[in-house]
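One letter stands for each residue in the lines below.
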Amino acid sequence: MKSNGLEHHPLEPQDWPAFRATAHRMVDDMVDWMQTIREKPAWQAPPPAVQEAIQEPLPESQQPLDAVYEDFLKLIAPYNKGNIHPRFWGWVEGSSLPVGVLAEFLAATLNPNLGIGDHSPVYIERRVIDWCKSMMGFPDSASGLLVSGASTANLTGLAVARNNAQSNIRQKGLHSLEKPLTVYASVETHSCLQKSLEVLGLGTDAMRKIPVDNHYRIRIPELRAAIREDRKKGLLPFCLIGNIGTAGTGSIDPLDELLAVAREEKLWFHIDGAFGALAYLVPEFRKPLAAMTEADSLAFDLHKWMYMPYEAACVLIRDTEAHRRSFHIAPSYLLKHESGIAAGPEPFNHYGISLSKGFTSLKIWMGLKTYGLQAFADTIEQNIRQARYLAEKIEKEPKLELMAPVALNVVCYRYKPADYPEERLDALNKSIVMAVQDQGIAVPTSTILNGHYVIRAAITNHRSRFDDFDLLVKETIRIGTEMAATTA
Ligand SMILES: *Cc1c(COP(=O)(O)O)cnc(C)c1O
């Protein structure tokens, strides 16, 4: 392409009117897509022909943008994950606000790197972190950081906790420790916290996995005993992790008691509130979750129960100095100036491991401004009411069995017809889950509770209606009855 020594910019649109026309078509198509999502299957597996077409070799030559977009429409969009569908309740996934979609487009257009510099996006991000503190009842003096997910938010919180346990860990590493550090959390704690301990060099064995009661909440007597025993052995307990909304059943640890133990034992109190922390916005949960506002660190997602497009999560740290001491670094190429673009607020990399950062806060800022906090609180509350509604329906159905108490928004159940052999219920329920998904009806997923395979619906979906849960119950029974008849 390069000719006559002329400069050449092949990566910019060569024909802006054509680019604009395609862009408008994309916007129209995607608005239609969102508006009509309910009419589509909740999920469809990418067929073999599609999977094969995706195995395209590294493109060496040009294709028109319209052709590339056709591939998107043909190969990608119909076989999307489905978590924007009103009947997706798999794992714990967010449903994405349409306003957030527009914000992602605007953010990508401006494409600011929030790592350093004096520009409005950096002030918006700081303001959104302030709003997060305010939403979660943390003081203005706390610090915070937006990160990619609760996994990273938890890692960041635990890194500060670890570095706070002894002053020279950053310089000397864990070799400098006289006593091995130990952490306490319930057996229901998310696997990302274990991974955090591995990444932080403390190792899996540093976590004492404390048993839970029949509501899947950490047992305080066993917790106290474990701490006592470790101290006796010469270990150094430094951190206690509480859960608001466990991944398995959505259970909430007894936070008041955990806070008391943490204060008595002088442990850093970290909370994984990946989705559950957002229940704090609901009046009914204000008091039960009050101890969350006293935590030393709190990790939560905005891409789950705040319905933001992926990715967005937040970590809040009560002690700003402890936070800064953990990550502050000032290389010469990041020198702060008195004016010019290198003036501006303290860089975010003084509070986390990333330097370059996308404009994560724009979708949160636009979402909160457009709808107001109350609309989010109401939708979260509605999801909780939907979980209760589903649980009540299940309890009324003789062929269904509710498998765990519903503390929040997670419902675990199974199909259990009378006289069906217990040892085959796991296989039967697994087949039901696969059929409900394969038929595009809905997407619940599964977990194992007390050795039983259970169907699990985690409701963090702003599009779900009450009658969507009627359908889930009806179809579980229909498919279960068909399958039980052929396998009994
Ligand atoms: C989802 C989840 C995590 C991990 O969050 P990501 O955003 O997926 O990184 C941690 N803890 C709990 C309880 C979760 O539900």
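Read on for a plain summary of the structure. Predicted model, so just to flag it, every value in this text is computed and none were measured. (Residues numbered from 1 in each chain as written. Predicted model: local features only at pLDDT ≥ 70, side-chain atom pairs only at ≥ 80, totals over all residues. Heavy atoms only, no water.)

## Examining the overall build of the chain
The helix and strand tally for the chain stands at 16 helices and eleven strands. For 488 residues, the compact-globule estimate of 2.2 N^0.38 gives 23 Å, and the C-alpha radius of gyration of the chain, at 25 Å, lies within 12% of that figure. Its C-alpha atoms give the chain principal-axis dimensions of about 80 × 60 × 45 Å. The buried share of the chain, taken over its 488 residues, is 49%. In the chain, the share of contacts with a sequence separation of at least 24, taken over all contacts with a separation of at least 6, comes to 74%. If you sum the accessible surface of the chain, you get close to 23,600 Å²; carbon and sulfur atoms cover 55% of it. Measuring between centres, the 51 positive side-chain charges of the chain sit 5 Å from its 58 negative side-chain charges. (Helix = DSSP H or I, 4+ residues; strand = E, 2+ residues; numbered from the N terminus. Rg over C-alpha atoms; globule rule 2.2 N^0.38 Å. Buried < 20%, exposed > 50% of the residue type's maximum accessible area, 1.4 Å probe, protein only. Contact = heavy atoms within 4.5 Å. Areas by Shrake-Rupley, 256 points an atom, 1.4 Å probe, with all protein chains shown as cover. Lys, Arg positive; Asp, Glu negative; His and termini not counted. Charge placed at Lys NZ, Arg CZ, Asp CG, Glu CD.)

## Concerning the sheet that holds strand 1 (residues 143-147)
What the seven strands build is an open sheet, ordered 1-7-6-5-4-2-3; its pairing is mixed. Across the chains shown, the open sheet's two edge strands, defined by having one partner strand only, are strand 1 and strand 3 (207-210). Sheet twist, expressed as the mean angle between neighbouring strand axes with direction ignored, is 20 degrees. In this sheet, strand 4 (residues 236-243) lies alongside strand 2 (residues 181-186) in parallel orientation, the contact comprising four bridges. Bridge pairing links Thr 182 to Pro 237 in strand 4. Running over the sheet, helix 6 (residues 150-165) touches strand 1, strand 2, strand 4, strand 5 (268-272), strand 6 (297-301) and strand 7 (313-317) and is turned about 175 degrees from strand 5. (Pairing = 2+ DSSP bridges. Axes fitted to C-alpha atoms, helices over the stretch in contact; angles between N-to-C directions.)

## Here's the deal with a nonpolar patch on the surface
Taken together, Trp 16, Phe 19, Leu 65 and Val 68 make up a surface patch of nonpolar side chains, about 360 Å² in accessible area. When residues of the nonpolar patch are traced back to their parent elements, those giving at least two are helix 1 (16-35) and helix 3 (65-76). (Patch = residues over 30% accessible without salt bridge, like charges linked within 9 Å, V, L, I, M, F, W, Y side chains within 5 Å. Salt bridge = Lys/Arg side-chain N within 4 Å of Asp/Glu carboxyl O.)

## Remarks on the pattern of salt bridges
Pairing of side chains with opposite charge becomes possible as their charged atoms draw close. Evaluation of the coordinates by the stated rule reveals 26 salt bridges. Between Asp 213 and Arg 217 there is a salt bridge, with its nearest N and O atoms 3.0 Å apart. Note that Lys 304 and Asp 301 form a salt bridge whose closest N and O atoms lie 3.3 Å from each other. Look at Lys 304 and you get buried, because its relative accessible area is 14%. Shared partners join several salt bridges into a network, and the residues in it are Arg 25, Asp 66 and Glu 70.

## Some words on the packing of aromatic side chains
Counted by the stated rule, this structure contains five aromatic pairs. Relative to Phe 72, the ring of Tyr 69 lies with its centre 6.0 Å away and its plane at 15 degrees, an arrangement referred to as stacked. Taken as a pair, Tyr 69 and Phe 72 lie in helix 3 at a separation of three residues, close to a single helical turn. In this structure Phe 72 comes out as partly exposed when scored by relative accessible area, which is 29%. Seen in terms of ring centroids, Trp 89 and Phe 469 are 4.5 Å apart; in terms of plane orientation they differ by 25 degrees. Their pairing is stacked. With Trp 89 in the loop between helix 3 and helix 4 (98-110) and Phe 469 in helix 16 (residues 466-487), this pair connects stretches of sequence that are 380 residues apart. If you follow Arg 286 out to its NZ or CZ, it ends over the ring of Tyr 280, 4.0 Å from the centre. The ring of Phe 348 has Lys 357 lying over it, and the distance from NZ or CZ to the ring centre is 5.9 Å. (Phe/Tyr/Trp six-rings, centres within 6.5 Å; stacked < 30°, edge-to-face > 60°. Lys NZ or Arg CZ within 6 Å of the ring centre and 35° of its normal.)

## Structural notes on the site of the ligand
Every residue lining the ligand is accounted for by Gly 149, Ala 150, Ser 151, His 190, Cys 192, Gly 245, Asp 272, Ala 274, Phe 275, Asp 301, His 303 and Lys 304. At 2.8 Å, a side-chain N or O of Asp 301 approaches an oxygen atom of the ligand. Here an oxygen atom of the ligand sits 2.9 Å away from a polar atom, N or O, in the side chain of His 303. In isolation the ligand has 380 Å² of accessible area, and contact with the protein removes 84% of it. (Near = heavy atom within 4 Å. Polar contact = N/O pair within 3.5 Å; in protein donor to acceptor, adjacent residues only side chain to side chain.)

## With respect to helix 13 (residues 361-371)
Regarding helix 13, the residues found buried are Ser 361, Leu 362, Lys 363, Ile 364, Met 366, Gly 367 and Leu 368. Contact partners of the buried residues in helix 13: helix 4, helix 5 (120-135), strand 1 and helix 14 (373-396). Just downstream of helix 13, Gly 372 is the residue with a positive phi angle, here 80 degrees.

## Re the state of the cysteines
Applying the stated rule across the entire model yields zero disulfides. The structure places no disulfide on Cys 132, whose sulfur is separated from the nearest cysteine sulfur, that of Cys 314, by 4.1 Å. The exposure class of Cys 132 is buried, given its relative accessible area of 1%. Unpaired in terms of disulfides, Cys 192 finds its nearest cysteine sulfur in Cys 239, a separation of 13 Å. (Disulfide = S-S within 2.5 Å.)

## Examining the environment of Leu 240
Residue placement: Leu 240 occurs in strand 4. Once residues lying within four places of it in the same chain are set aside, the contact partners of Leu 240 are Tyr 184, Leu 223, Leu 258, Val 261, Ala 262, Leu 267, Trp 268, Phe 269 and His 270.

## Notes on the sheet that holds strand 9 (residues 410-415)
The strand order across the open sheet built from four strands is 8-9-11-10, with neighbouring strands paired in antiparallel fashion. The open sheet has two edge strands, strand 8 (400-402) and strand 10 (445-449), and neither has a second partner. Across this sheet, the average inter-strand angle for adjacent strands is 40 degrees, counted without regard to direction. Contacting strand 8, strand 9 and strand 11 (452-458), helix 14 runs over the sheet at an angle of about 20 degrees to strand 9. Here helix 16 sits on the sheet and contacts strand 8, strand 9 and strand 11; the angle it forms with strand 9, its principal contact strand, is near 25 degrees.

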